[in-house]
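# Structural overview for review
Next come the chains, spelled out residue by residue.
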Amino acid sequence: MDKYLLFTPGPVNVAENVRSAIGKKDICHREVEFEKLLLSIEGKVLSLFEIRQKSRYRAVVVSGSGTAANEAMLSSVVGDKNILVLSNGEFGERLHATSKIHNSNTFLLEFPWGESMDMEAIDTFLQQQPIDVIAMAHHETSSGILNSLADVGALSKANGAVLVVDCVSSAGAETIDMEKNNIAFCSSSSSKAIGSYAGLSFVIGKRTEFEKLKSNPAKSAYLNLHKFYDSINRHSQTPNTPAVPLFYALEQALENILDEGVSYRHAKIRRKAELLRQGMSKLGLEFLLESQVMCSMLTTVFVPPHITVASLRQKLREHGIIIYEGKGRFSGKAFQVGNIGELTDIDIQFFLTILQDILSQKTSTAPSNVTPIFGRTLCPVVHNDNEVLVTEDSR
Ligand SMILES: *Cc1c(COP(=O)(O)O)cnc(C)c1O
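Each residue is numbered by its place in its chain's sequence as written, counting from 1. Reporting in this predicted model follows two pLDDT cut-offs: at least 70 for local features of residues, and 80 or more for side-chain atom pairs to be given and counted; totals over whole chains, interfaces and linings ignore these cut-offs and use all residues. The side-chain figures draw on all heavy atoms in the structure; neither hydrogens nor water molecules are used.

### Considering the packing of helix H2 (residues 32-48) against helix H9 (residues 244-260)
- The angle between two axes is taken between their N-to-C directions and runs from 0 to 180 degrees, where each axis is a line fitted to C-alpha atoms and a helix contributes only its stretch in contact. Counting from the N terminus, the helices are DSSP H or I runs at least four residues long and the strands are E runs at least two residues long. Interhelical geometry of H2 versus H9 gives an angle of 35° and a closest axis separation of 9 Å. Relative to H9, the crossing made by H2 is left-handed. Residues Phe34, Leu37, Leu38, Ser40, Ile41, Lys44, Val45, Ser47 and Leu48 of H2 pack against Val244, Phe247, Tyr248, Leu250, Glu251, Leu254, Glu255, Ile257 and Leu258 of H9.
- Class assignment for the residues of the contact of H2 with H9 results in 13 nonpolar, 2 polar and 3 charged. When the near helix sits turned anticlockwise from the far one by under a right angle, the crossing is termed left-handed; a clockwise turn instead gives a right-handed crossing. Two residues qualify as a contact provided that any one of their heavy atoms is within 4.5 Å of a heavy atom in the partner residue. Under this grouping Gly is polar, as are all residues other than the nonpolar Ala, Val, Leu, Ile, Met, Phe, Trp, Tyr, Cys and Pro and the charged Asp, Glu, Lys and Arg.

Shown next, in the form of structure tokens:
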């Protein structure tokens, strides 16, 4: 296959100018060219997040995928204080697992996968347990649900907690208002809706919050957020050797977004999602989520009874189309179709046509015991490390 169409929530088909930017120039990262490149990326990241008071924020770039930026935040921000992780899916669970490695006072409020977080439950928990830091994923990519930054932001503000948000899969596709929503730190990565190659991630934070990290003991040598801040602040540099070719590609991808306008890019991604969703609905496919809670970059679709996810993916792959397998609780039950990167309307039409062909061949030997996930009620369960404080498993 000489070209794959990546209908995945990252990696993405990159723009031609991103592809060529990666081989732009051989430079030494301790020279002024790199410093300019880093500051250019920082400025563009702050513009992408539509930060109004830019002088109050800084963005640092980490050579590592999105998980690296998340681990940098979780290992650097908490110190010996209490952190509450809010989770309604795989990526919330990963934040919790990462936090537990670095922070002994990690609490978890867990909500059912594919369902909105219950603000009353969070509020009640915050009344009972002093919490200093709250962490959550904005777009929970495992289901496609967009969690409310406004609601959690208001709760964090009311309780004086520092809010840390994983925006890995929402940045570039959805509005993230750090200023309005009281967000201290946000992470994202190069390879999702921003449209570049995998391998870089970044953390945007308030200067005042970055400054506070200085007094926390270092829990990681490489992913020490204060070190990244200090390095860009003092020298316009990264603490260690940066993946320079990826920086060139990221700079170009950010420029592509800013050239067409951030809201224009958001609208473009949303329109593609609508095209895909309308087309898939017409084929009789059903989605995990109601459209009003879905992120605009991804759709989670129940696999119809007469085919398996594995066989559907294989048949699409034969036509150069790549989709994602449902993760965790949706494994085997659903597949995911992304609509970011350089996918044209023609590509989307092609995908829908091939999908229709595959679904109309009723030759598969798939088992018919695929049970729907609707109606599942879990928890919330609250964990303080090994201790389960509240368990209302109402299944
Ligand atoms: C993709 C993703 C990550 C990071 O995953 P990597 O494999 O490190 O790129 C983190 N959080 C969310 C919500 C994601 O979608």
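Next comes the rest of the description.
### So, the sheet that holds strand S13 (residues 324-325)
- Taking strand neighbours across the sheet as the criterion, the 3 strands line up as S11-S14-S13 in an open arrangement whose pairing is antiparallel. Strands at the two margins of the open sheet, each flanked by one partner only, are strand S11 (298-302) and S13.
- For two strands to pair, DSSP has to find at least two bridges joining them. Sheet analysis places S11 next to strand S14 (residues 334-338), joined by 5 bridges and oriented antiparallel. Paired with phenylalanine 302 across the bridge in S14 is alanine 334.
- Seen against the sheet, helix H10 (residues 262-282) touches S11 and S14 and runs at an angle of roughly 10° to S11.

### Looking at empty space enclosed by the protein
- The distinction between a cavity and a pocket rests on a 1 Å grid over the protein atoms alone: a 1.4 Å probe fits inside a cavity but cannot get out, while a pocket stays open yet meets protein on both sides within 12 Å along at least five of seven lines, and a residue with an atom within 4 Å of a point counts as lining. Grid points are joined across faces, edges and corners, and a volume is the space filled by probe spheres set on the points. Summed over the entire model, instances satisfying the criterion amount to 3 cavities of 30 Å³ or more.
- A volume near 70 Å³ is recorded for the largest cavity.
- Around the largest cavity, the lining residues are Ser75, Ser76, Leu213, Asn216, Pro217, Ala218, Lys219, Ser220, Leu223, Asn224 and His226.
- Residues of the lining of the largest cavity, tallied by class, amount to 4 nonpolar, 6 polar and 1 charged.

### Remarks on the pairing of strand S9 (residues 183-189)
- For S9, a buried count of 7 out of 7 residues is recorded, marking the element as mostly surrounded by other parts of the structure.
- Pairing geometry for strand S8 (residues 162-166) and S9, over 4 bridges, is parallel. Counterpart to valine 165 in the pairing with S9 is cysteine 186.
- Pairing geometry for S9 and strand S10 (residues 200-206), over 5 bridges, is antiparallel. The partner of serine 189 across the bridge, within S10, is serine 201. The classification of residues rests on relative accessible area computed with a 1.4 Å probe and restricted to protein chains. Under 20% of the type maximum is buried, over 50% is exposed, and intermediate values are partly exposed.

### Re the site of the ligand
- In this text, near means that some heavy atom of the residue lies within 4 Å of the molecule or strand in question. Every residue lining the ligand is accounted for by Ser65, Gly66, Thr67, Asn70, Phe91, His139, Thr141, Asp166, Val168, Ser169 and Lys192.
- Within 3.5 Å is the distance limit for a polar contact, defined as a pair of N or O atoms, with the added protein rule that one can donate a hydrogen and the other accept it, and that residues adjacent in sequence qualify only through two side-chain atoms. Here serine 65 contributes a side-chain N or O atom positioned 2.5 Å from an oxygen atom of the ligand.
- In this structure, an oxygen atom belonging to the ligand sits 2.5 Å away from a side-chain N or O atom of threonine 141.
- Burial of the ligand by the protein chains amounts to 84% of its free accessible area of 380 Å².
- Whether a molecule sits in a cavity or pocket is decided by its atoms, more than half of which must lie within 2 Å of the grid points. Because more than half of its atoms lie within 2 Å of the grid, the ligand is assigned to the largest pocket.
- When residues in the shell around the ligand are grouped by element, the largest group, 3 residues, is from helix H3 (residues 66-77). Surface exposure here means Shrake-Rupley accessible area, sampled with a 1.4 Å probe, where a residue is shielded only by the protein chains that are shown.

### Concerning helix H6 (residues 149-158)
- All of the buried residues along H6 are Leu149, Val152, Gly153, Leu155 and Ser156. Axial view of H6: buried residues confined to an arc of 165°, hence all on one face. Projecting away from the buried face of H6 at angles above 90 degrees are the exposed residues Lys157 and Ala158.
- Where H6 is buried, its residues touch strand S3 (83-87), helix H5 (119-128), strand S5 (133-137), S8 and S9.
- Two to three positions downstream of the cap, the backbone nitrogen of aspartate 151 sits 3.0 Å from a side-chain oxygen, assigning the N-cap of H6 to serine 148.
- Backbone geometry just downstream of H6 places glycine 160 in the positive-phi region, at approximately 65°. Arc, as used here, means the arc of the directions from the helix axis to the C-beta atoms.

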